[in-house]
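Notes for the structure review
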Amino acid sequence: MNKLTFGMVGGGGGFIGDVHRHAALMDDLAILKAGCFSRNIEKNRAFAQRWNIDEPERVYASYAEMAEREAARADGIDFVSITTPNDTHYPIAKCFLERGIHVMCDKPLALNAAQGRELAALAKEKRLLFGVTYTYTGYAMIRQAREMIDAGELGKITCIHGEYPQEWLAVSLVSGSSEQATWRQEPARSGASGCCADIGTHVECLIAKMTGLHPRRVIARFDSIPANIPLETNAQVMVEFDGGVPGMIWTSQIAIGHETELTVRIFCEKGSVEWSHLKPWELRVTRINQPPQIYTTNRDYLYPAARELCRLPSGHIEGFYEAFGNLYRGFCVNLIARKTGGDPGSFRYPTVEDGVKGIAFVDACLESNAHNNVWVTVDNGNG
């Protein structure tokens, strides 16, 4: 078939919107044909011109108008990218799903699990693909870790540790330079959780993609630092994963001296794997009583499913944009296969179900924190 066509809601000026656009175009599988890029009509038109929207009638004043008119066109978009603030994800996604349009949405999926489950049920009913952009799951070495664990190279998983310390909010509160620092601390726009929902869900999904395991129970402590801030900026969570595997997740947006230092360590009976966003092209593999080995991207010794996520020869660095591009690549390959009856191969992407599990994790952490840090079962649909 010809390339997929897509539209964007949001993206007119924000950092993440342009990342979505670059990622969707990276592998030459889709073309941007429509959008509602900004509530400001002049900005909307300016970004449409900058991004080569060659049909002015496909630049829309609202997402509702865009969904309705694109669904009515014989050449309407195949999917929409939603790149707006958190509180708008649910209504926008629902609007496009109801009109039969596939969805790729920035995380979080919605503000609460009830909204997320409604979107998941609607996507299933309409037989539509629904992706959620948990960025870090797109790195090739994350897939390598999963392939090694699934193949039994390291034995049974015994313990999991994930952390994501950032300093950006602490810095922004001092400098007053970040618009995100304002809206991400507004419960009406961000939801009931701050740090845990924003970056804790990244860790939760990353662990799930590396191991296949999801949180079953949590004990969570949330702290708002400074004390007068509405939502938590530091979260410490003890986790019991599927099969009783113990673990811990720490996330912070006030960890001065740390930028985006996401790290996951998976300990197993016969060895361990460790991945860090500081060097995303590496995977540290240690077999019991052996020296650590450093696996790097696009080498012959990697599993094919990991190598196919690499675009450059070994020794050349692939980063955030490429990881994001891999999410869109997986989504587009699967959507093309759906439309043509073809085989998507081993390409994967985080789905609406992953998004629901992330929200359920946050909801359980909120409940645990509210009840003096007690164990709370995660309602992740596993019974």
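For the structure, see preceding data.
Residues numbered from 1 in each chain as written. Predicted model: local features only at pLDDT ≥ 70, side-chain atom pairs only at ≥ 80, totals over all residues. Heavy atoms only, no water.

Remarks on the sheet that holds strand β7 (residues 215-223)
Condition: A pair of strands counts as paired when DSSP detects no fewer than two bridges linking them. In this text, helices come from DSSP runs of H or I with a minimum length of four residues, and strands from runs of E with a minimum of two, each type numbered from the N-terminal end. Contact between two residues is taken to exist if any of their heavy atoms lie within 4.5 Å; hydrogens are not considered. Here an angle of 0 to 180 degrees is reported between the N-to-C directions of two axes, which are lines fitted to C-alpha atoms, with helices fitted over the stretch in contact.
Spatially, nine strands are ordered β13-β12-β11-β10-β6-β9-β8-β7-β14 in an open sheet, and the strand pairing comes out mixed. Since the sheet does not close on itself, it has two edges, and those belong to β13 (293-296) and β14 (376-377), each with one partner. Pairing geometry for strand β12 (residues 282-287) and β13, over four bridges, is antiparallel. Looking across to β13, one finds that arginine 284 is bridged to isoleucine 294. Seen against the sheet, helix α10 (residues 195-211) touches β6 (157-165), β7, β8 (234-241), β9 (246-252), β10 (263-268) and β11 (271-276) and runs at an angle of roughly 145 degrees to β9.

Observations regarding helix α12 (residues 320-340)
Counted only if it meets this: To estimate the expected span of a helix, subtract one from its residue number and multiply by 1.5 Å. For every residue, the accessible area obtained with a 1.4 Å probe (protein chains only) is divided by the maximum for its type, and the residue is called buried under 20%, exposed over 50%, and partly exposed between those limits.
In a regular helix each residue adds 1.5 Å, so 21 residues correspond to 30 Å; α12 covers 30 Å between its end C-alpha atoms and thus fits that length. Here α12 lies mainly inside the structure; 15 of its 21 residues are buried. Following α12 by one or two positions, glycine 341 adopts a phi angle in the positive range, close to 75 degrees.

Examining the nonpolar core
Spelled out, the test is: In this description, a nonpolar core means a group of buried Ala, Val, Leu, Ile, Met, Phe, Trp, Tyr and Cys residues linked to one another through side-chain atoms lying within 4.5 Å.
Core analysis: the largest hydrophobic core is formed by 48 residues, its most contacted members being Met210, Ile266, Val273, Trp275 and Leu283. With eight residues, the top contributor of residues to this core is α10. If you look at the next biggest cluster of nonpolar residues, it comprises 33 residues, including Ile92, Leu109, Ala113 and Val356.

Concerning the state of the cysteines
Operational definition: Any two cysteine sulfur atoms within 2.5 Å of one another count as a disulfide.
All chains considered together, the criterion is met by zero disulfides. The thiol sulfur of cysteine 95 is not disulfide-bonded, and the nearest other cysteine sulfur, from cysteine 36, lies at 11 Å. Given the relative accessible area of 10%, cysteine 95 is considered buried. Considering cysteine sulfurs only, cysteine 268 is the nearest to cysteine 159, which forms no disulfide, with 10 Å between them. Looking at cysteine 159, the relative accessible area reads 30%, which means it is partly exposed.

A word on the sheet that holds strand β2 (residues 30-36)
Sheet architecture is open: five strands sit in the order β2-β1-β3-β4-β5, paired in parallel fashion. The sheet is open, and its two edges are formed by β2 and β5 (130-133), each paired on a single side. Averaged over all neighbouring strand pairs, the angle between strand axes comes to 20 degrees, with direction disregarded. Bridge count between strand β3 (residues 79-82) and strand β4 (residues 102-106): four bridges; the pairing is parallel. Counted as the bridge partner of isoleucine 82 is cysteine 105 from β4. Running over the sheet, helix α1 (residues 15-25) touches β1 (4-9), β2, β3, β4 and β5 and is turned about 150 degrees from β2. Most of the contacts of helix α3 (residues 63-72) go to β2, to which it runs at about 130 degrees, and overall it touches β1, β2 and β3.

Quick notes on the pattern of salt bridges
Short version of the rule: Any Lys or Arg side-chain nitrogen located within 4 Å of an Asp or Glu carboxyl oxygen qualifies as a salt bridge.
Taken as a whole, this structure holds 26 salt bridges when the rule is applied. The salt bridge involving arginine 221 is made with aspartate 223; its shortest N-O contact spans 3.0 Å. With a relative accessible area of 46%, arginine 221 lands in the partly exposed category. With relative accessibility at 18%, the residue aspartate 223 sits in the buried group. Salt bridges sharing common partners tie together Lys33, Asp54, Glu55, Arg58, Glu70, Arg73 and Asp75.

Re the environment of tryptophan 281
Looking at where tryptophan 281 falls in the secondary structure, it is placed in the loop between β11 and β12. Each C-alpha atom of the pair tryptophan 281 and valine 376 lies 36 Å from the other, and the pair is 95 residues apart in sequence. Here tryptophan 281 is in contact with Met141, Tyr295, Thr296, Thr297 and Ile317, once residues within four sequence places are set aside.

Comments concerning the layout of surface pockets
For clarity, the threshold we go by: Within this scheme a cavity is a closed region of a 1 Å grid, computed over the protein atoms alone, that accommodates a 1.4 Å probe without allowing it to escape, whereas a pocket is open but has protein on both sides within 12 Å along at least five of seven lines; lining residues each have an atom within 4 Å of a point. Grid points are joined across faces, edges and corners, and a volume is the space filled by probe spheres set on the points.
Approximately 210 Å³ is the volume found for the second largest pocket. Lining the second largest pocket are 13 residues, and of these Thr137, Arg143, Lys209, Arg348 and Tyr349 sit closest to its centre. Elements that contribute at least two residues to the lining of the second largest pocket include exactly α6 (140-150) and α12. Top element by residues in the lining of the second largest pocket is α6. It accounts for three residues.

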